[in-house]
Amino acid sequence: MSQKQPKPTLGGQKIRTRKRDEKKTFEPTAFRDEIVQGLNEQGNDLEAISRYLDKQGSRLDYRRYAETLLDILIAGGMLAPGGSLIEDADKTKTCRVDVCVFTTPDDVAAMRTQAEVFNKLIRRYKYLEKSFEDEMKKVLIFLKGFSDDERARLATFTAVLLANQQVTANILPSLFHENLVKEGIGLDFATAVFKTWLSEKDVNHLISCLRRANIEQRLPELFPANKRSQEHLESHFRAAGLGPVADFQKGQQNVAYKKELQKKLADMISNEDDVKEIVVYVKDYMKKNELAEHEVVVQVWFSVMKSVEWNKKEDLVAEQAIRLLKAYAPLLAAFTTQGRSELDLLVKIQNYCYDNIQFMKVFPKILVLFYKADVLSEDAILKWHKDGHSTKGRSVFLEQTKELVEWLQSAEEESEEEDED
């Protein structure tokens, strides 16, 4: 009879951590004391400070005490909730560093040099990248607890970081905190950040960063609820020398207005409201929200074209389109009283017919209908044919409308001859 085999056991040599790889464990205050002492020993030499931080990272536990470390480098010491510095009971002990963001001169060149200290540190210890972004979110919430000078320096530092993409715009929603908005601190800080940011990069960079953080439409939240009108926003940013931001915000507001208008138009068309009532509503809405006619006519066009489910067959869709557009031609005509409105509408019709292939052969029929219904003038059609068209399906559409254009040109020449007689 075979004996039962003993179970295998795990064996091996216990790996001991090398002494030089062990990191000192402190309480946060003890960690602070060692870092503060070491940094102060480097004086005002930022290169020496960077070398010190680089060397100490292998001995001190930056991962565990990341918040304390970054508090010190930004504010000079450990921050208590609200933004005040934590002092030691022993008044003889030094709890603050001499060199930090809050003691750096408030100019871009100085802050760029200060930001490089953080850049070198994070490149060396990559795990601090997320901690740094979290730290910036925290200190922005603490703005009320800082002095005016400290806030000004922090704004310049923040702008330099954002312009150089050392942090993302995900830190900025901290400025929407209720207390910061109520007292205008968030708005003042954002304004200072934007001004410095635009001195470093163009407005496209700023807007692109805001978009990536999904906050490009949240700028009104910087203002108290009773001052979030377009007029207040535009007035504030223009007075601060931030015209590009004001223009962007106005554009954002226009986009929102146009979406709202398109939704209302869709409802009115769906309910088969009288065209005259729709015209009155749209004109009032356009005046109230300062929308340009060429913007409105495009919204009307898309609303009309989205109001039905189109037949997939070319021969049937033509009849369906002409019937619908004939009914709503007076609505479109009400918003083509200017040359630009006519040309913008023509280009949108061209693009629509190109993007929806069953409409390719319907395009010239739409132009004839709109010409007869006074939606489009002969000048607008001739201008479009000459050099106002888009590139989409250009050769096809120009060929399709060749006879119409020749007829309009001959009619124009005959009219000129009659005037001479």
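## As for the pattern of salt bridges
1) Next: A complete count under the given rule lists 23 salt bridges for this structure.
2) Next: Between Lys-120 and Glu-47 there is a salt bridge, with its nearest N and O atoms 3.0 Å apart. Linking Lys-120 in helix α4 (residues 108–124) with Glu-47 in helix α2 (residues 46–56), this pair joins segments that are 73 residues apart in sequence.
3) Next: Taking the shortest distance from any N to any O, the salt bridge between Glu-295 and Lys-258 comes out at 3.7 Å.

## What about unusual backbone geometry?
Comment: phi is negative for the bulk of residues other than glycine, and the bulk of peptide bonds are trans.
1) Next: Positive phi, normally seen in glycine, also occurs at Asn-214, with a value near 60°.
2) Next: Counting through the fold element by element, Asn-214 comes out in the loop between α9 (203–212) and α10 (230–239).
3) Next: Phi at Asp-374 takes a positive value of approximately 65°, unusual for a residue other than glycine.
4) Next: In this structure, Asp-374 sits in the loop between α16 (363–372) and α17 (378–388).

## Comments concerning empty space enclosed by the protein
1) Next: For the structure on display, the rule yields 2 cavities of 30 Å³ or more.
2) Next: For the largest cavity, the calculated volume is near 80 Å³.
3) Next: What lines the largest cavity is a set of 13 residues, and nearest its centre among them are Leu-39, Ile-49, Leu-73, Val-99 and Cys-100.
4) Next: Put simply, the parts of the chain that give the lining of the largest cavity at least two residues each are α1 (28–41), α2 and α4.
5) Next: Broken down by element, the lining of the largest cavity gets its largest block of residues, 3 residues, from α4.
6) Next: Here the residues of the lining of the largest cavity are counted per class, giving 9 nonpolar, 3 polar and 1 charged.
7) Next: Here the second largest cavity is characterised by a volume of approximately 50 Å³.
8) Next: Taken together, Leu-172, Leu-175, Phe-176, Ala-190, Phe-194, Leu-210, Ile-215, Leu-219 and Leu-222 form the lining of the second largest cavity.
9) Next: For the lining of the second largest cavity, the per-class residue count stands at 9 nonpolar, no polar and no charged.

## Quick word on the packing of helix α8 (residues 185–200) against α9
1) Next: Where α8 contacts α9, the axes come no closer than 8 Å and their chain directions differ by 125°. With respect to their mutual orientation, α8 and α9 come out oblique. On the side of α8, the interface is formed by Phe-194, Trp-197 and Leu-198, while α9 contributes Val-203, His-205, Leu-206 and Cys-209.
2) Next: In terms of residue class, the contact of α8 with α9 is made up of 6 nonpolar, 1 polar and no charged.

## As for helix α14 (residues 314–333)
1) Next: For α14, the principal kink sits at Ala-327 and spans about 45°; a proline, Pro-330, occurs within the next four residues.
2) Next: The secondary structure elements touched by the buried residues of α14 are α11 (243–270), α12 (275–288), α13 (293–305), α15 (339–355) and α16.

## Points about the environment of Leu-382
1) Next: Counting through the fold element by element, Leu-382 comes out in helix α17.
2) Next: For the pair formed by Leu-382 and Gln-262, sequence separation is 120 residues and the distance between their alpha carbons is 29 Å.

## Re the packing of aromatic side chains
1) Next: By the definition in use, this model includes 16 aromatic pairs.
2) Next: Consider the rings of Trp-301 and Phe-370, whose centres lie 6.5 Å apart with planes at 85°: the pair is edge-to-face. Taken as a pair, Trp-301 in helix α13 and Phe-370 in helix α16 lie far apart in primary sequence, 69 residues in all. With respect to class, Trp-301 is no different from Phe-370; both count as buried.
3) Next: When the centroid spacing of 6.1 Å and the interplanar angle of 85° are considered together, the rings of Tyr-371 and Trp-407 count as edge-to-face. Of this pair, Tyr-371 sits in helix α16 while Trp-407 sits in helix α19 (residues 402–420), and the two are 36 residues apart along the sequence.
4) Next: Here a set of aromatic residues connected by ring pairs shows up, and it is made of Trp-301, Trp-310, Tyr-352, Phe-359 and Phe-370.

Thresholds applied
- Residues numbered from 1 in each chain as written.
- Predicted model: local features only at pLDDT ≥ 70, side-chain atom pairs only at ≥ 80, totals over all residues.
- Heavy atoms only, no water.
- Salt bridge = Lys/Arg side-chain N within 4 Å of Asp/Glu carboxyl O.
- Helix = DSSP H or I, 4+ residues; strand = E, 2+ residues; numbered from the N terminus.
- 1 Å grid on protein atoms, 1.4 Å probe; cavity = no way out; pocket = protein on both sides within 12 Å on 5 of 7 lines; lining within 4 Å.
- Points joined across faces, edges and corners; volume = space filled by probe spheres on them.
- Nonpolar A, V, L, I, M, F, W, Y, C, P; charged D, E, K, R; others polar.
- Axes fitted to C-alpha atoms, helices over the stretch in contact; angles between N-to-C directions.
- Parallel < 35°, antiparallel > 145°, perpendicular 65-115°, else oblique.
- Contact = heavy atoms within 4.5 Å.
- Bend = angle between axes of the 7 residues up to and from the residue.
- Phe/Tyr/Trp six-rings, centres within 6.5 Å; stacked < 30°, edge-to-face > 60°.
- Buried < 20%, exposed > 50% of the residue type's maximum accessible area, 1.4 Å probe, protein only.

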